[in-house]
Amino acid sequence: LALRIGLSEISSKHGGSSLDFLLLDEINSPLDRHGTENLFVNVIRSLETKYKILVITHDDLLKERFDSVLDVTKINGESSAKFIAK
C-alpha cells in the first residue's frame, strides 16, 4: 500500500497520472484485532482525506467502522446486495 501510494506521488510529479482511488481487498486479514483497529484509525482514516477508498472485508467489526457499507451476501447460489448508510 505504501509503495503504491509512493509511486503514484512520484509519477504525478513527473507528468504521470495520480492515484485517486484505492481498492483494499481483505487488507486486514493477516492482522489481529489491535492491528485492524490501528489500520482503520491511523491509516484508512488518514487516507480518506485524499483518496476514494473501497474496502472489501468479511470482518464485521471493521465494517461497523465505516459510514457506508455495501453488504453482499450469497445464499443458496443467489447473491443479494444491501446498501447501509449511517
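See the structure printed just above.
Caption draft 1: The arrangement of unusual backbone geometry in detail. Here E26, not a glycine, exhibits a phi torsion of approximately 50°, which is positive. Looking at the secondary structure, you find E26 in the loop between strand 1 (21–25) and helix 2 (33–47). Although it is not a glycine, N76 sits at a positive phi angle of roughly 50°. Relative to the elements of secondary structure, N76 occurs in the loop between strand 3 (68–75) and strand 4 (78–85).

Caption draft 2: The packing of aromatic side chains, seen in detail. The full count for this structure, using the stated rule, is one aromatic pair. A ring pair is formed by F40 and F66, whose centres lie 5.1 Å apart and whose planes are at 90°; its orientation type is edge-to-face. Highlighted residues: F40 in helix 2 and F66 in the loop between helix 3 (60–63) and strand 3, separated in sequence by 26 residues. The pair formed by F40 and F66 is uniform in burial state, with each residue classed as buried.

Caption draft 3: Highlighting helix 1 (residues 2–13). The first and last C-alpha atoms of helix 1 sit 17 Å apart over twelve residues, in line with the 16 Å expected at 1.5 Å per residue. In the segment just after helix 1, G15 is the residue with positive phi, at about 90°.

Caption draft 4: Looking closely at the pairing of strand 3. Of the pairings in the sheet, the one linking strand 3 to strand 4 comprises eight bridges and is antiparallel in character. By the bridge assignment for strand 4, T73 is matched with S80. The turn joining strand 3 and strand 4, which pair antiparallel and follow one another in sequence, is formed by two residues; a positive phi near 50° is taken by N76.

Caption draft 5: A look at the pattern of salt bridges. Summed over all chains, the structure comprises six salt bridges. In this structure, D59 and R33 form a salt bridge, with 2.9 Å as the shortest nitrogen-oxygen distance. Taken together, the positions of D59 in the loop between strand 2 (52–56) and helix 3 and R33 in helix 2 put the pair 26 residues apart, joining distant regions of the chain. On the basis of relative accessibility, which here comes to 16%, the residue D59 falls in the buried class. The partner of K63 in a salt bridge is D71, with the nearest N and O atoms 3.8 Å apart. Three or more residues are tied together by salt bridges with common partners; here these are D60, K63 and D71.

Cut-off values and rules
- Residues numbered from 1 in each chain as written.
- Predicted model: local features only at pLDDT ≥ 70, side-chain atom pairs only at ≥ 80, totals over all residues.
- Heavy atoms only, no water.
- Helix = DSSP H or I, 4+ residues; strand = E, 2+ residues; numbered from the N terminus.
- Phe/Tyr/Trp six-rings, centres within 6.5 Å; stacked < 30°, edge-to-face > 60°.
- Buried < 20%, exposed > 50% of the residue type's maximum accessible area, 1.4 Å probe, protein only.
- Expected span 1.5 Å × (residues − 1).
- Pairing = 2+ DSSP bridges.
- Salt bridge = Lys/Arg side-chain N within 4 Å of Asp/Glu carboxyl O.

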